[in-house]
Amino acid sequence: MPFPFQALVFDLDGTLIDSAPDMTRVLNRTLAEFGRPALTEVQVRTMVGDGSAMLVRQAFAATGAPLEDEAVQPVLRHYLDTYYDDAEPPVLYAGVAETLEALAGRGVRLGLCTNKPERITRKLLGVLGMEGLFGAVAGGDTLAVKKPDGRHLTWVLERLDVLMPARAAMVGDNANDVKAARSAGVPVVAMSYGYPRMPVEELGADLILDRFADLPDGLLQLATAD
């Protein structure tokens, strides 16, 4: 039986990698640099998903006076440079590497659509040895828009040569992923273990999975249900 989906586009944080420990570590270095107290990983997990600028804004609001607009760029630059230079390797969720390899081996085109900056995203993919798996990568600063704007996802699909949105699917973990998928007209799978910031059942995804390794079978079931 041929695989029913021509292409799959993935979120990164909370879907492929457990990045909350990394972001907490790096963000706390930036907070310390600017005289702010540290945040816990539990706090940072509630801030993930809207891009780095929003992350530092939320972190500063949680640790004292909010950042004034003119102060955002120096803080953001410190955070991004520190993150890029961070020596700790990212942590893949269980089953991710094997499942992506298997999907690619079946001829499925893989793309990445994340609100994490593209420079950091590409470095992480390189560290993980996964850069060759993805035919298109869009970071949060690749375009003038980012998720939940559907054009962020559509840009990736176009570069994967997807002509029929129904032949593709988005795989993510939070509301931004679901909203982008709905706007782009593609089905969406939500992973329950990520950073949804709300009950995952309320995201409105077409399918919820607890294990990444279950993705191929889940997609087959999703296609059959249609």
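Cut-offs and rules
- Residues numbered from 1 in each chain as written.
- Predicted model: local features only at pLDDT ≥ 70, side-chain atom pairs only at ≥ 80, totals over all residues.
- Heavy atoms only, no water.
- Pairing = 2+ DSSP bridges.
- Helix = DSSP H or I, 4+ residues; strand = E, 2+ residues; numbered from the N terminus.
- Axes fitted to C-alpha atoms, helices over the stretch in contact; angles between N-to-C directions.
- Phe/Tyr/Trp six-rings, centres within 6.5 Å; stacked < 30°, edge-to-face > 60°.

1. Looking at the sheet that holds strand β5 (residues 188-191)
Link 1 in the chain: The strand order across the open sheet built from 6 strands is β3-β2-β1-β4-β5-β6, with neighbouring strands paired in parallel fashion. Both edges of this open sheet fall to β3 (136-138) and β6 (207-209), since each of them pairs with a single strand only. Put simply, the sheet's adjacent strands are angled 20° from each other on average, direction ignored.
Link 2 in the chain: Pairing analysis gives 4 bridges linking strand β1 (residues 7-10) to strand β2 (residues 109-113), with the strands arranged parallel. The residue of β2 that forms the bridge with Val9 is Gly111.

2. A short note on the packing of aromatic side chains
Link 1 in the chain: Here the structure, examined in full by the defined rule, presents 5 aromatic pairs.
Link 2 in the chain: Geometrically, the ring pair formed by Phe34 and Phe60 is edge-to-face, given 6.2 Å between the ring centres and 70° between the ring planes. Here Phe34 is found in the loop between α1 (20-33) and α2 (41-45), whereas its partner Phe60 is found in helix α3 (residues 52-62), with 26 residues between them in sequence.
Link 3 in the chain: Ring centres of Tyr93 and Tyr193 lie 4.3 Å apart, and the angle between their planes is 45°; on these two criteria the pair is classed as tilted. In this pair, Tyr93 sits in the loop between α4 (69-85) and α5 (96-105) while Tyr193 sits in the loop between β5 and β6, placing the two residues 100 residues apart along the sequence.

3. A look at unusual backbone geometry
Link 1 in the chain: The residue after Lys147, namely Pro148, is reached through a cis peptide bond having omega 20°.
Link 2 in the chain: Position of Pro148 relative to the elements: it lies in the loop between β3 and α7 (150-159).
Link 3 in the chain: Positive phi, close to 60°, is recorded for Asp161, a residue that is not glycine.
Link 4 in the chain: Within the element layout of this structure, Asp161 appears in the loop between α7 and β4 (168-172).

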